[in-house]
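Chain by chain, the residues run as shown.
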Amino acid sequence: MGANELSALLWRERELLELLVFKLEEEHLLLQEGKSRWLQHATREVEQVMTLVREAGLGRSIEVAALAPQWGTTENATLRELGAHAPAGPWGEIFAAHLKAMGDLTTQIKELRDTNERFIRAAARSAQETMATVSANPKTYDASGTTGEPVTAARIFDRNL
């Protein structure tokens, strides 16, 4: 394997990171609009893309390990180290461009993930506060419009007799 194959894998990884940004933005819009009905689907899609990103990262590691000794560095070299050891020509700049783009995408992903997490926490807190204010013994209105006794199974049973 060589630099061309590694560059192709890096393009694929960048596409997957862009897809992850898109899926996180979808999730964000659902959270922002309170569309909890579709949130489970969006979260599953985010997880599926994350699995693909992890697999692509593994493929990248394998390609780097194969190319690194040819360029005079260790098999566990980072992309930055590999780019620094690139032979004369365009490869150093190409790998630097991939690295920058992937870093920018990673920053966007972290920001969206953090924002979505804050929305989810706020929604959970709101639901807990709402549940805390719900009365354990709700009362009903009688024919005159005043509240009567709490609704209980015994009271419903007595009324039906």
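Remember, predicted model here, so these are calculated numbers, not experimental data. (Residues numbered from 1 in each chain as written. Predicted model: local features only at pLDDT ≥ 70, side-chain atom pairs only at ≥ 80, totals over all residues. Heavy atoms only, no water.)

### Details of the overall build of the protein
A tally of regular secondary structure across the protein gives 5 helices and 2 strands. Element order for the protein, N to C, with α for helix and β for strand: α-α-α-α-β-β-α. Each of the 161 residues in the protein was classed as buried or not, and the buried ones make up 27%. Look at the contacts in the protein between residues 6 or more apart in sequence, and 57% of them connect residues 24 or more apart. Here the protein has roughly 11000 Å² of accessible surface; of this, 56% comes from carbon and sulfur atoms. (Helix = DSSP H or I, 4+ residues; strand = E, 2+ residues; numbered from the N terminus. Buried < 20%, exposed > 50% of the residue type's maximum accessible area, 1.4 Å probe, protein only. Contact = heavy atoms within 4.5 Å. Areas by Shrake-Rupley, 256 points an atom, 1.4 Å probe, with all protein chains shown as cover.)

### Topic: the environment of Thr73
When you line up the elements, Thr73 lands in the loop between α2 (39–67) and α3 (79–84). Counting along the chain gives 12 residues from Thr73 to His85, while the straight-line C-alpha distance between them is 6.8 Å. Aside from chain neighbours lying at most four places away, what touches Thr73 is Ala68, Leu82 and His85.

### What about the nonpolar core?
Core analysis: the largest hydrophobic core is formed by 26 residues, its most contacted members being Leu6, Leu67, Trp71, Leu82 and Phe95. For this core, the element with the highest residue contribution is helix α1 (residues 3–33), accounting for 8 residues. Apart from the residues within four sequence positions on either side, Leu67 is in contact with Gly2, Ala3, Leu6, Leu82 and Phe95. (Core = buried A, V, L, I, M, F, W, Y, C linked by side-chain atoms within 4.5 Å.)

### Brief notes about the confidence of the model for the protein
When pLDDT is low, close inspection of the predicted coordinates is not appropriate. Averaged over all residues, the pLDDT of the protein equals 87, while 84% of them reach at least 70. By mean pLDDT, the top-scoring element of the protein is α1 (96), and the lowest-scoring one is helix α5 (residues 153–160) (53). (pLDDT = per-residue confidence, 0-100.)

### Description of the pattern of salt bridges
A side chain with one charge may pair with a side chain of the opposite charge, provided their charged atoms come close. Overall, the coordinates contain 7 salt bridges when judged by the stated rule. Residue Glu13 pairs with Arg60 through a salt bridge whose shortest N-O separation is 2.7 Å. A residue pair is termed long-range when its members are at least 10 positions apart, and Glu13 in helix α1 and Arg60 in helix α2 qualify at 47 residues. Take Glu13: its relative accessible area is 5%, and that puts it in the buried class. Exposure remark for Arg60: the relative accessible area of 22% places this residue in the partly exposed category. (Salt bridge = Lys/Arg side-chain N within 4 Å of Asp/Glu carboxyl O.)

### Comments concerning the packing of α1 against helix α4 (residues 91–133)
Two numbers describe a pair of packed helices, the interaxial angle and the distance between the axes. The geometry of α1 relative to α4 is characterised by a closest axis approach of 9 Å and an angle of 20° between their N-to-C directions. On the basis of their axis angle, the class for α1 and α4 is roughly parallel. Along this stretch, α1 crosses α4, giving a crossing that reads as left-handed. Considered class by class, the residues forming the contact of α1 with α4 number 20 nonpolar, 8 polar and 5 charged. (Axes fitted to C-alpha atoms, helices over the stretch in contact; angles between N-to-C directions. Parallel < 35°, antiparallel > 145°, perpendicular 65-115°, else oblique. Left-handed = near helix turned anticlockwise from the far one by under 90°. Nonpolar A, V, L, I, M, F, W, Y, C, P; charged D, E, K, R; others polar.)

### A closer look at α4
Spanning 43 residues, α4 covers 63 Å between terminal C-alpha atoms, matching the ideal 63 Å at 1.5 Å per step. Along α4, the positions that sit buried rather than exposed are Trp91, Phe95, His98, Ala101, Met102, Leu105, Ile109, Leu112 and Asn116. Of the surrounding elements, those touching the buried residues of α4 are α1, α2 and α3. (Expected span 1.5 Å × (residues − 1).)

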